[in-house]
Amino acid sequence: MKKNLSLLLAVWAAFLAACGQSDGGAGTVPLDLETGGTVSEAEEAFTKTPPKENLPLDEETAASHILVAYFSWAENAIFLEEAGEVEALASPSVVVPGNVQQLAGWVQEETGGDLFSIQVTDPYPSDWDACLERANEERGSGARPALRGDVENLDSYDTVFLGYPNWWYGVPMALLSFLEQNDLSGKEVYLFCSHGTGGLANSVEQIAEALPEAVISDNIFDCYEEEAASSEAAIRSWVNSLGDFRQKEVDSGAPAAEQRQIAVQFGGNTIVYALNEGSAADSLYGMLPLTTQVEDYSTNEKIFYPKEGLDTSNSPLAQAGAGTLAYYEPWGDVAFFYGDYRENPGLFQLGQAVSGGELIAQMSGTITIEAMESQQ
Ligand SMILES: Cc1cc2nc3c(=O)[nH]c(=O)nc-3n(C[C@H](O)[C@H](O)[C@H](O)COP(=O)(O)O)c2cc1C
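As the structure is a computational prediction, the values presented were derived from the model and not from experiment.

(A) Region of the structure containing the packing of helix α3 (residues 99-111) against helix α7 (residues 232-242). Put simply, α3 and α7 touch, their axes get as near as 9 Å, and they point 45° apart. With respect to their mutual orientation, α3 and α7 come out oblique. Along this stretch, α3 crosses α7, giving a crossing that reads as right-handed. The residues of α7 that touch α3, namely those facing Leu103, Trp106, Val107, Glu110 and Thr111, are Glu232, Ile235, Arg236, Val239 and Asn240. The residue inventory of the contact of α3 with α7, partitioned by class, reads 5 nonpolar, 2 polar and 3 charged.

(B) Spotlight on the pairing of strand β16 (residues 365-371). Pairing of strand β9 (residues 261-266) with β16, which is carried by 4 bridges, proceeds in the antiparallel orientation. Across the sheet, the residue bridging to Ile262 is Ala371, located in β16. Examined bridge by bridge, strand β11 (residues 290-297) and β16 share 5 bridges and lie antiparallel to one another. Within β16, the residue paired with Thr291 across the bridge is Thr368.

(C) Spatial organisation of the site of the ligand. Not every one of the 24 residues close to the ligand is listed here, only the nearest: Gly98, Val100, Pro165, Gly196 and Gly198. Every element with two or more residues in the shell around the ligand is listed here: α3, α4 (128-141) and β6 (188-195). Of the residues assigned to the shell around the ligand, the class counts are 12 nonpolar, 11 polar and 1 charged.

(D) The arrangement of the environment of Gln293 in detail. Relative to the assigned elements, Gln293 resides in strand β11. For Gln293, a count of 11 C-beta atoms within 10 Å translates into the label exposed. As a C-alpha pair, Gln293 and Thr368 span 75 residues in sequence and 8.8 Å in three-dimensional space. If we ignore the near neighbours within four places in the chain, the residues touching Gln293 are Phe304, Gly365 and Thr366.

(E) The arrangement of the pairing of β6 in detail. With 6 of its 8 residues buried, β6 lies for the most part within the structure. In this sheet, strand β7 (residues 215-216) lies alongside β6 in parallel orientation, the contact comprising 2 bridges. Pairing of Val189 across the sheet is with Ile216, part of β7. Bridge count for β6 against strand β8 (residues 221-224) is 4 bridges, and the pairing is parallel.

Definitions and limits used
Residues numbered from 1 in each chain as written. Predicted model: local features only at pLDDT ≥ 70, side-chain atom pairs only at ≥ 80, totals over all residues. Axes fitted to C-alpha atoms, helices over the stretch in contact; angles between N-to-C directions. Helix = DSSP H or I, 4+ residues; strand = E, 2+ residues; numbered from the N terminus. Parallel < 35°, antiparallel > 145°, perpendicular 65-115°, else oblique. Left-handed = near helix turned anticlockwise from the far one by under 90°. Contact = placed C-beta atoms within 7 Å. Nonpolar A, V, L, I, M, F, W, Y, C, P; charged D, E, K, R; others polar. Pairing = 2+ DSSP bridges. Near = placed C-beta within 6 Å. Buried ≥ 20, exposed ≤ 12 C-beta atoms within 10 Å, placed from the backbone.

Interpretation note: all reported values are geometric properties and have no functional meaning in isolation.
And the structure:
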């Protein structure tokens, strides 16, 4: 096993070396050690978009129940110093904005949550090889790098989006520092990750081990490093497929806003779906209650044809895997997925099963679909 890991590591390192790869996503400024010109381009880019400080929450976001915490190399290699001075680039490998930094920004915009950039007190080298080396030493010794700043009012968050890059087949050790210092027990945790060819590797297992009492969703967003910069639509759609985060209000003790759920009943069984806020889900909701015949399609879905087409003008694409309730516009059918499916530009997410998902494969004959009482 150990031998296999070493082999994988060597293959990955060789791949990076062969690509001359030193950084993350497309759209960032590629740096070339040979040409001073590109370095200064990066310096300029950095000056224009300095890493965000963890600023106090403003009035608009102070009431959010969602925390978007993330780690990104770009904000851990070069800092804004206390005096507001920007430290000079020590070497040309790190690029801004970081891949996870960009993803986190879109998650924040989509959820209205509070952004927290996890930053170490002792920044990593901005040189690729030197950063790899230090990260590997930290991994080997099980280090927990010291962090700057604290999350204020952690108790006011019930939902945490946690973003990170794959570092050495797992998470940066600073992410574990963060998880050990901030008790996320009982909170819903959604993971998003950007990585190289290694994918998520052991990262999810490491996080699950660090958070035994948190509710970690297995619906994880991940993207290849070169696709991070062009993943805005995909990650926004992913956030929307998870539910309507903006509707909940928990900070003031006020009851959560209404969340639309529907009950699908057949042969004494009930499957409950939470609908998203998209226009297609609105159309379906407006047709309830309805009774219809469900049919088998392929080996992963049950379908029915609503009497009218659904309005897809403002709906996320389906990509949430088994349990998805979707609308396939080209054929005009609603699909209950019990297996995985290929994403498709004509397939729109309506919602996701929240209970009884294991019964979808058994659905047959006549079904009734009803709106449920308001959910708290
Ligand atoms: C120290 C270090 C170690 C890395 N290790 C891996 C790895 O083991 N597997 C992998 O797929 N990518 C690895 N990467 C690549 C990053 O996961 C990838 O570039 C990611 O998109 C970076 O996100 P960021 O720009 O927000 O830091 C590593 C990057 C760094 C800096």
